[in-house]
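Chain by chain, the residues:
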Amino acid sequence: MSELTITLLRLGYLVLLWLFVLAAIGVLRRDLYGTRIVRRLRREQNPLAAPAAAPPGAGQPDGRQGEPRPPIPRRDASPRRLVVTEGPLRGTTLPLATSAILIGRAPSCTLVLDDDYSSSRHARVYPEAGQWFVEDLGSTNGTFVDRRRVDAPTPVRPGSQIRVGQSTLELQR
């Protein structure tokens, strides 16, 4: 082989070695510092998500201006939202629909927690037969409903405290 070919092979091997070292450093960095949590704007912080202002007099059925009437309470007792009552995301509200809510540190979760005590896929809250259940997904530190550890899918009533890591969640009407 010529001298040029050997030099090019050496340079190629050196570049390949450096790519391997940089990839290994990237993996170690992700393991040490965890998943990057992307902060989401709350509805009141995001000007694009704010509802449009109601026209004057829209609060009264007869067109008068003044205080709008309080909403009529619903007859059904099913919860309508999941609220974070304690922890770093305190005040965060998620509407409850017919699909499950996945809770954890992974970016693919519905409720992403920035918490060292929660697992990447920690728990899920889901509806079944007209009732809401919470299920621990094999987390390290466990999921608790009203200070009792959840080992199997457990029904959750509105007002019950769901503890996931350092955060406390509550189903509300």
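What counts as what
Residues numbered from 1 in each chain as written. Predicted model: local features only at pLDDT ≥ 70, side-chain atom pairs only at ≥ 80, totals over all residues. Heavy atoms only, no water. Pairing = 2+ DSSP bridges. Helix = DSSP H or I, 4+ residues; strand = E, 2+ residues; numbered from the N terminus. Buried < 20%, exposed > 50% of the residue type's maximum accessible area, 1.4 Å probe, protein only.

Engineer: How should I be thinking about the sheet that holds strand β9 (residues 154-156) in this particular structure?
Structural biologist: Each strand in a sheet pairs with its neighbour through backbone hydrogen bonds, running either in the same direction (parallel) or in the opposite one (antiparallel). Strand order across the open sheet formed by five strands is β4-β3-β5-β6-β9, with mixed pairing between neighbours. On the outer flanks of this sheet lie β4 (111-112) and β9, each paired with one strand and no other. Judged from the two bridges that link them, strand β3 (residues 101-104) and β4 form a sheet pairing that is parallel. Each bridged residue has a counterpart across the sheet, and for Gly-104 the counterpart in β4 is Val-112.

Engineer: Would you explain the pairing of strand β10 (residues 161-164) in this entry?
Structural biologist: Within a regular strand, the side chains alternate between the two sheet faces. In β10, alternate side chains face the same way, and those of Ile-162 and Val-164 are buried while those of Gln-161 and Arg-163 on the opposite face are not. Sheet topology note: the strand β7 (residues 143-145)/β10 ladder contains three bridges and is antiparallel. Paired with Phe-144 across the bridge in β10 is Arg-163. Both β10 and strand β11 (residues 167-172) contribute to a ladder of four bridges, which runs antiparallel. Note on β11: the bridge partner recorded for Ile-162 is Leu-169. Linking β10 back to β11 in an antiparallel pair, the connection comprises two residues, with Gly-165 at a positive phi of about 65°.

Engineer: Where do I start with the environment of Gly-138 in this structure?
Structural biologist: Along the chain, Gly-138 turns up in the loop between β6 (131-136) and β7. Taking C-alpha positions, Gly-138 is 9.0 Å from Asp-151, a pair spaced 13 residues apart along the chain.

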